[in-house]
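Close look at the chain arrangement
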Amino acid sequence: MPEEPRTIIKERITPLPEGDIDPFAMRCLARKVYFVVQNYYKDPNNRKEFDEWYLATYGKPYVWKTVEETLAEKRALEEQGNES
């Protein structure tokens, strides 16, 4: 019997076993997801909803950073690691 197709049920994704998707397809999928998420958070209402959820879940406000800020922090951490 063929395996039952994987489905999304109630916002839960059934994971695919390792090796089911070739690397090129995985990169294409990741890129698509990245742009969908990026566009989603451009909407102030979606961002506000996330901020409220994050505060309620973690008890502290989420700090939004630009890509440049994130890369600068990463470089600073790498430089600290190289100095030791």
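Residues numbered from 1 in each chain as written. Predicted model: local features only at pLDDT ≥ 70, side-chain atom pairs only at ≥ 80, totals over all residues. Heavy atoms only, no water.

1. Looking at the packing of aromatic side chains
Using the following cut-off: To pair, rings of Phe, Tyr and Trp, with the six-membered ring standing in for Trp, must have centres within 6.5 Å; the planes then decide the type, stacked if under 30 degrees apart, edge-to-face if over 60, and tilted in the middle. A helix here means a DSSP run of H or I that spans at least four residues, while a strand means a run of E at least two residues long, and both kinds are numbered starting from the N terminus. Classification of residues uses two cut-offs on accessible area relative to the type maximum, computed with a 1.4 Å probe and protein chains only: under 20% is buried, over 50% is exposed, and between them is partly exposed. Cation placement over rings: the criterion is NZ of Lys or CZ of Arg within 6 Å of the ring centroid and within 35° of the ring normal.
Summed over all chains, the structure comprises 13 aromatic pairs. Each ring, one from F50 and one from W53, has its centre 5.7 Å from the other, and the planes form 40°; the classification is tilted. Placement of both F50 and W53 in helix α2 (residues 44–58) is noted, with a separation of 3 residues, approximately one turn of the helix. Judged by centre distance (4.6 Å) and plane angle (40°), the rings of Y54 and Y58 are tilted. In this pair, Y54 and Y58 both sit in helix α2, 4 residues apart, roughly one turn of the helix. For Y54, a relative accessible area of 16% translates into the label buried. An aromatic cluster is present here, built from Y40, Y41, F50, W53, Y54, Y58, Y62 and W64 joined pairwise through their rings. Positioned above the aromatic ring of W64 is the side chain of R47, whose terminal nitrogen or guanidinium carbon lies 4.0 Å from the ring centre.

2. Quick notes on a nonpolar patch on the surface
In plain terms, the rule: Here, patches come from residues exposed beyond 30% relative accessible area and free of salt bridges, joined within 9 Å for like charges and within 5 Å for nonpolar side chains (Val, Leu, Ile, Met, Phe, Trp, Tyr). Methods summary: accessible areas were calculated by the Shrake-Rupley approach with a probe of 1.4 Å, and residue burial reflects only the protein chains presented. Criterion for a salt bridge: a side-chain nitrogen of Lys or Arg within 4 Å of a carboxyl oxygen of Asp or Glu.
Taken together, the side chains of M26, L29, V33 and V37 make up a nonpolar region of the molecular surface, amounting to roughly 330 Å² of accessible area. Relative to the assigned elements, V37 resides in helix α1 (residues 23–40). V37 sits in the partly exposed class, given a relative accessible area of 39%.

3. Brief notes about α2
Defined as follows: Here a helix's expected span is defined as the number of its residues, less one, multiplied by 1.5 Å. The arc refers to the directions leading from the helix axis to the C-beta atoms. In protein, a polar contact requires one atom able to donate a hydrogen and another able to accept it; more generally it is a pair of N or O atoms within 3.5 Å, and residues adjacent in sequence count only if both atoms are side-chain atoms.
With 15 residues, α2 should reach 21 Å at 1.5 Å per residue; the first-to-last C-alpha distance of 21 Å fits that figure. Turning to α2, its buried residues are N46, F50 and Y54. Taken around the axis of α2, the buried residues stretch over an arc of 70°, which confines them to a single face. In α2, the exposed residues that point more than 90 degrees away from the buried face are P44, N45 and A56. Between the side-chain oxygen of the N-cap and the backbone nitrogen of N45 there are 2.8 Å, and the N-cap of α2 in question is D43.

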